Amino acid sequence: MTALKPLPHDSAPLHVTGRAPYVDDIPLPANALHLAFGLSPVAKGRIATIDIAAARAAPGVVAVWTAEDLPRRIDVSPGAHDEPLLAEGEVHYAGQAVFLVIAESHLAARKAARLGKVEYEEGTPILSVEEALAANSRFEDGPRIWQKGEAAAAIAAAPHRLSGSIEIGGQEHFYLEGQAALAHPEEGGGARVTCSTQHPTEIQHKVADALAVPMAQVRVETRRMGGGFGGKESQGNALAVACALVANAFGRPAKMRYDRDDDMVITGKRHDFRVDYEVGFDEAGRVRGIDFTHYARCGWSMDLSLPVADRAMLHADNAYHLPAVRITSHRLRTNTCSATAFRGFGGPQGVLGIERVMDGIAHALDMDPVEVRRVNYYADARLPGAPPEAGRSPEYLGQDKGAGTGQRFAGALAGAGKRFGADHSPPAPMAEAQTTPYGMEVTDFLLNAMTRRLLESSDYAARRAAIADWNAESDVLKRGIAFSPVKFGISFTLTHLNQAGALVHVYQDGSIHLNHGGTEMGQGLNQKVAQVAATVFGVDPAQVRITATDTGKVPNTSATAASSGSDLNGMAAKAACETIRDRMADCLAGLHQAKPSDVVFEGGAVRIGGESLTFNRAATLAYENRVSLSATGYYRTPDLSWDRIAGRGRPFYYFAHGCAVTEVAIDTLTGENRILRTDILHDVGASLNPALDIGQIEGGYVQGAGWLTTEELVWDDRGRLRTHAPSTYKIPACSDRPGIFNVALWDGENAADTVYRSKAVGEPPFMLGISAFLALGDACAACGPHYPALDAPATAERVLAAVKRARG
Amino acid sequence: MKVRFSLNGEPCEAEAPPTRTLLDWLRETRGLTGTKEGCNEGDCGACTVMVTDESGARALNACILFLPQIEGAAIRTVEGLSGPDGQMHPVQREMITHHGSQCGFCTPGIAVSLAVAHLNGRRDHDAVLSGNLCRCTGYAPIVRAAEAAEEAEVPDWMRDAPVGGEARHGGATEPGREGGIGRGTDWGEAAPALGTGASDEGDPGEASGGYRPRSADELAGWYLRHPDAVLVGGATDVGLWVTKGLRDLGTVAFLNGCADLARIEEVPGGLRFGAGVTMTRVMEALAAPLPSYAAMIARYGSVQVRNAATIGGNIANGSPIGDNPPALIALGATLHLRRGDEMRDLAIEDFFLDYGRQDRREGEFVTGVTVPVEAPTFRVWKISKRFDQDISAVCGAFLLDLRGAGGADNLRDPREGGDPPLIAGARVAFGGMAGVPKRAAAVEAALAGQPFTRATMAAAAARLGEDFTPMSDMRASAAYRLEAAAGLLTRYHADLTGAETDVRRITA
């Protein structure tokens, strides 16, 4: 089936030759205007005076706008109407836009933005979790609390108890392409916007609001992003709106792109969290009751903080069945940039909380941390009819040329094979259904079997013993090894977002034009969806023309987020293609006095009975017989119901799983550390494209490990971000990837009826980076008898501090 | 200012202000948008281009490369990696085959870095890519692509000839060797478009805002008349004054045409580096005599940064976190200065007076540094959040004179017993611990005359607080800086007595 081939990214030849255009590469008319924001250097204050005379007089400057110059109140928030485009009297964080420079060139705009003289009556900013709690500065009236069972009583009754806390830092997206937007004025008002966004419909909506025109007068196009990772879900609104307003006011195209430092100062990042916990457990390490308190630093505006904090709560169980649990979540408003979506969307913080607890229990009981995890796992799905773990033979996907690269396999570490096909009956109900803290039954859990397989393939037990021996002999350096699993819920938790549309045209020559609501940010979504379309029509994917995402073609799209891109858009495209295919089949069946069900689309041909014609000829025939060869497709995820206030329901269509074993080394004198080896086994259902899926896993792991190691955001005591450039904010470099890096796909199908039984892959593997963090903790623990309680990110400085704690 | 060079094989002339960057010129003037702006400060590598002069081909960051710096060179951008008929370069093909691109924005820079390394026969791919950030792939597929392309033949079109020099045959320099711009050659001679600075031409720097001397003599005379001018070596620091500080530099001199400042000479007991020698060449020259120093430089910036940055620039800018000064201070290096015709030598530790203030008079400039290299017990280490392409939180350099019990040549694992050698003298210097790079006097005093034991090192480390009151910033806290500095003193003993101390040297 075409849908399952490991084809390269459709843009790869353009990427490597420099011919793939991004927003900033689009040639502009000579009269184009360029924009830059003047930013507040203070985190909280009232604007006393604004003197923009010098900026207005600077070379190349066309105009400078403050909030008063805007035609109306302009909001650029994704929903809460709490983000004015330009500050209105008050500033709420260092980096907030105060005025807008409109100039003849990017450089002229940037230079003039430094010439605005704004005086502030500075207030005292609320920066930390503690300050926000003390001031009761928060979103929503109070903390959100979800519970299942009686956690306090269960903890009190448990044979063992443990409490603690972990600090979890935020993360800058560091998409290589900074935020960028370009707007052309349109006849009759409105705008045509080209921008680097994961959410074209929201850009359309915000631009229409700003221009006070109906959405139909705004068209937004996104061909590709140079990385998104959640950072282009809401953070591009301000640029697109500013460009559209300027384009309308001057009748000239307007472009805005943030300089890297501005980008890092202005835009939101992953929420930093503190997670406090108290747990009661038995001698076997089994959790009896647990109480989590999440403190999320949300920044100055609401943005997407509520669903992010919700998702942290939704993943507070990760892979573990918690009989009694209480989760309290504080969403704190602070005078910092507004924290936003970032791959995992709060999930990683929730997962890290309970992974810390699992490690704490293991240390307290002197157990292997993997055993503690396994005794707490949910039960695996019941899988009738198939022998356990009867896998296929390995299909080798990558080369192995010694150290440094590791291997890629699909199906190498096989599970029970294709057991979930539509022909099978659904799994029998559990004797006692296990439910998540929010009351959803877990019926498709795979991690017991996956863990068994990964521990075996990574030689975990023997290596753990060898590391202990090595550590006993090694004075300065210590090694650590750790396993961590992830179970990640797939679906937008705002239920109405779980819908998608597609538009497909088959032209009379048989070429296929594909459009859907998802956006391409590097994940290969377009290629996957093209493979789906090609599969329906039985043609080569190269025959499917992938086009830019365009609000004029597919309306009312959801952000490409929540890992949902191929689930939603693949299904919508499949529906559209099937509509056209069925019309063609009807037509051809009529011409051949056959049944439509006897018309087969395969291998670039269409077969009817004994006859065969090319797909292209079939398209021509259908056209000549006056068959419509254009169709829309639509999909909405079934079986969802969710009450976010009560914390009850079925927010997810299914779960995706993965697990990793990571080995690290630390220097106990300086805290310097390295990842030495990583083995991953990940569940993507029946992969739509194993090469692209493994790419997401490798990249997600390294990004997750970066979050928890070198990537440290530092604000000073006045609330100014000090790490606002790659010189000070350190994402992983090439040599930071694991020295040995083995990634394998679990060979199975999605139990849920997704597109060709595949599973989402964007976010779940990010959390496998947690195994690197846990391994660093394990290495610290080798230095002494005490629990090292490593905080994140585990910079050399924090590792050294943990070594000292371990020594006591 | 007019600058002549070749671009993707075609001769080319650019008329631009002297601080116009190659990146802006490529994208905005020539519409060559394959070269990307990722950070505009030389840290991400999305703008990487290949620059060839007589000393060979190297990767440089176009975002902090001023046009006058490429006078006479050959530039190849990602658009020029493919052949005249559109055939792909082997690294481009393998990047596709091995799924080395996802979002694609870093990819052009990565393709250029890989192609330059391929041309030069390098196979140390992690080092080659140390200056190319990728946020999508986790790098493994990119390294697989680089490995797969290793054996492929270098395409003919990759062998550029600089405008100023002869066509190069055989193309590749020795594996692993990449020279610096203006390496020992006078390619200003063949590039008459620029002001040469000869006195009968008046002061070209004043007219155009940019001056490109061909020798230290020319520079010396001119700089006396323009003591407020900015001297640009590799522009890895000054470049940011322009791209991030948005400063107008006024009168500028580009020193990369001064062949006599780019020489490395053997002198008794040491090497004399001209101020214009790039860090890449310093690393190569020190690899054999001072491997610890060379290993530290391997973590100094990235390939692109080391290919541009000069040792003179790193010293002259007086940064408290420059990585050469602590090493040079511990080694007892001598700095060479010149003002007009007046030459002056100075112990390098005396050059750094206070934060932002050096012992450099008006019109005086650094011409070079002489580094003693007979120092088997010399060690230098930097501590930063990331191994590659990061700025030191702490950089510590150590040179102990070990005598007796076999001295430095016969150090043994202390667990084997026997008398340790005596520390006859100690030179210990740190960067990142004060407003200037400086020696640790109290630590040195605590070491001198003591047996070389771990206990001695610990006792000396306890005195770091007398020498330094470091600051807390985004790189590290004051407390960590002191602890890590103490850790390095212990590491020195462990390393010299045979323990494994480098997490980068062990494997799973």
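In this text the structure is predicted, and so the values were computed from the model without any measurement.

Enquirer: Honestly, the overall build of chain A in this entry has me stumped. Any pointers?
Expert: A count of helices and strands for chain A gives 19 helices and 31 strands. Taken along the three principal axes of its C-alpha coordinates, chain A extends 80 × 70 × 50 Å. For chain A, the residues scored as buried account for 67% of the 808 residues in total. Partitioning the contacts of chain A with sequence separation of at least 6, the portion at a separation of at least 24 is 80%. Accessible surface computed for chain A: about 25,900 Å², of which carbon and sulfur atoms make up 50%.

Enquirer: Before we go on, may I ask you to explain the overall build of chain B in this structure?
Expert: Of the regular secondary structure elements, chain B holds 17 helices and 19 strands. Counting only residues that meet the buried cut, chain B has 64% of its 508 residues in that class. Sequence separation of 24 or more characterises 67% of the internal contacts of chain B that already satisfy a separation of 6 or more. Approximately 17,000 Å² of chain B is accessible, and the part contributed by carbon and sulfur atoms is 48%.

Enquirer: Would you mind showing me how to read the pattern of salt bridges here?
Expert: For side chains of opposite charge, pairing can occur when their charged atoms come near one another. Applying the stated criterion across every chain, the model contains 84 salt bridges over all chains. In this structure, the salt-bridge partner of Arg677(A) is Asp679(A), at a minimum N-O distance of 2.7 Å. Residue class for Arg677(A) comes out buried when judged on its relative accessible area of 16%. Note that Arg344(B) is salt-bridged to Asp359(B), the shortest N-O span being 3.2 Å. Note that Arg344(B) is positioned in strand 12 (residues 342-347) and Asp359(B) in the loop between strand 14 (357-358) and strand 15 (364-372), a separation of 15 residues in sequence.

Enquirer: Looking at this structure, how should I read unusual backbone geometry?
Expert: Only a minority of non-glycine residues have a phi that is not negative, and only a minority of peptide bonds are not trans. Residue Pro793(A) follows Ala792(A) across a cis peptide bond; omega there is 0°. Structurally, Pro793(A) can be placed in the loop between helix 18 (770-781) and helix 19 (796-807). Not every positive phi belongs to a glycine, and Asn556(A) is a case in point at roughly 55°. Tracing the backbone through its elements, the reader meets Asn556(A) in the loop between strand 22 (549-550) and helix 15 (565-591). The class for Asn556(A) is exposed, based on a relative accessible area of 54%. One non-glycine residue, Asn8(B), lies in positive phi territory at about 50°.

Enquirer: What is the right way to look at the environment of Ala16(B) in this model?
Expert: All names here are of chain B. As for its placement among the helices and strands, Ala16 is situated in the loop between strand 2 (10-15) and helix 1 (22-29). When the C-alpha positions of Ala16 and Lys2 are compared, they lie 6.5 Å apart, and in sequence the two are 14 residues distant. Dropping the residues within four chain positions of it, Ala16 is found in contact with Met1 and Leu67.

Enquirer: Any chance you could explain the sheet that holds strand 8 (residues 252-254) of chain B here in plain terms?
Expert: Strand pairing in a sheet is mediated by backbone hydrogen bonds. Such pairs are either parallel or antiparallel. Residue and element names in this part refer to chain B. Across the sheet, which stays open at both edges, the 3 strands sit in the order 6-8-7 with parallel pairing between neighbours. Every interior strand has two partners, whereas the edge strands, strand 6 (210-211) and strand 7 (230-232), have only one. Summarising the sheet, strand 7 and strand 8 pair through 3 bridges and their orientation is parallel. Bridge pairing in strand 8 places Val230 opposite Val252.

Enquirer: Whenever I open this one, the packing of aromatic side chains confuses me. Can you help?
Expert: The way to describe two aromatic rings as a pair is by their centre distance and the angle between their planes. Following the criterion strictly, the structure yields 28 aromatic pairs over all chains and no others. Summarising the aromatic geometry, the rings of Tyr438(A) and Phe652(A) are spaced 6.0 Å apart at their centres and angled 80° between planes, so their arrangement reads as edge-to-face. Of this pair, Tyr438(A) sits in the loop between strand 17 (408-410) and helix 12 (447-457) while Phe652(A) sits in the loop between strand 28 (648-650) and strand 29 (654-667), and the two are 214 residues apart along the sequence. Like Phe652(A), Tyr438(A) is buried. Ring-pair connections join several aromatic residues into one group, and the members of that group are Trp381(B), Phe398(B), Phe430(B), Phe452(B), Phe468(B) and Tyr492(B). Just above the ring of Trp707(A) sits the side chain of Arg270(A); from NZ or CZ to the centre is 5.0 Å. In this structure, Arg479(A) packs its charged tip against the face of Trp470(A), placed 4.2 Å from the ring centre.

Enquirer: Hey, could you run me through the interface of chain A and chain B in this one?
Expert: The accessible area lost on association of the parts is a frequent measure of interface size. On the side of chain B, 81 residues touch chain A, which itself brings 93 residues to the contact. Linking chain A with chain B are 16 salt bridges, by the criterion used here. The interface formed by chain A and chain B holds 39 residue pairs in polar contact (both at pLDDT 80 or more) in total. By residue number, the principal contributor to the side of chain A that touches chain B is helix 17 (residues 690-707) of chain A, which donates 7 residues.

Enquirer: So what exactly am I meant to see when it comes to the pairing of strand 25 (residues 611-614) of chain A here?
Expert: Walk down a regular strand and you will see the side chains alternate between the two sheet faces. Residues and elements named next belong to chain A. Here strand 24 (residues 605-608) runs beside strand 25; their pairing, made up of 4 bridges, is antiparallel. For Val606, the partnering residue across the bridge sits in strand 25 and is Leu613. Counted between consecutive antiparallel strands, the loop separating strand 24 from strand 25 contains 2 residues, among which Gly609 sits at a positive phi close to 60°.

Rules used in this analysis
- Residues numbered from 1 in each chain as written.
- Chains lettered and ligands numbered in written order.
- Predicted model: local features only at pLDDT ≥ 70, side-chain atom pairs only at ≥ 80, totals over all residues.
- Heavy atoms only, no water.
- Helix = DSSP H or I, 4+ residues; strand = E, 2+ residues; numbered from the N terminus.
- Buried < 20%, exposed > 50% of the residue type's maximum accessible area, 1.4 Å probe, protein only.
- Contact = heavy atoms within 4.5 Å.
- Areas by Shrake-Rupley, 256 points an atom, 1.4 Å probe, with all protein chains shown as cover.
- Salt bridge = Lys/Arg side-chain N within 4 Å of Asp/Glu carboxyl O.
- Pairing = 2+ DSSP bridges.
- Phe/Tyr/Trp six-rings, centres within 6.5 Å; stacked < 30°, edge-to-face > 60°.
- Lys NZ or Arg CZ within 6 Å of the ring centre and 35° of its normal.
- Polar contact = N/O pair within 3.5 Å; in protein donor to acceptor, adjacent residues only side chain to side chain.

None of the figures reported here should be taken as evidence of function without further support.
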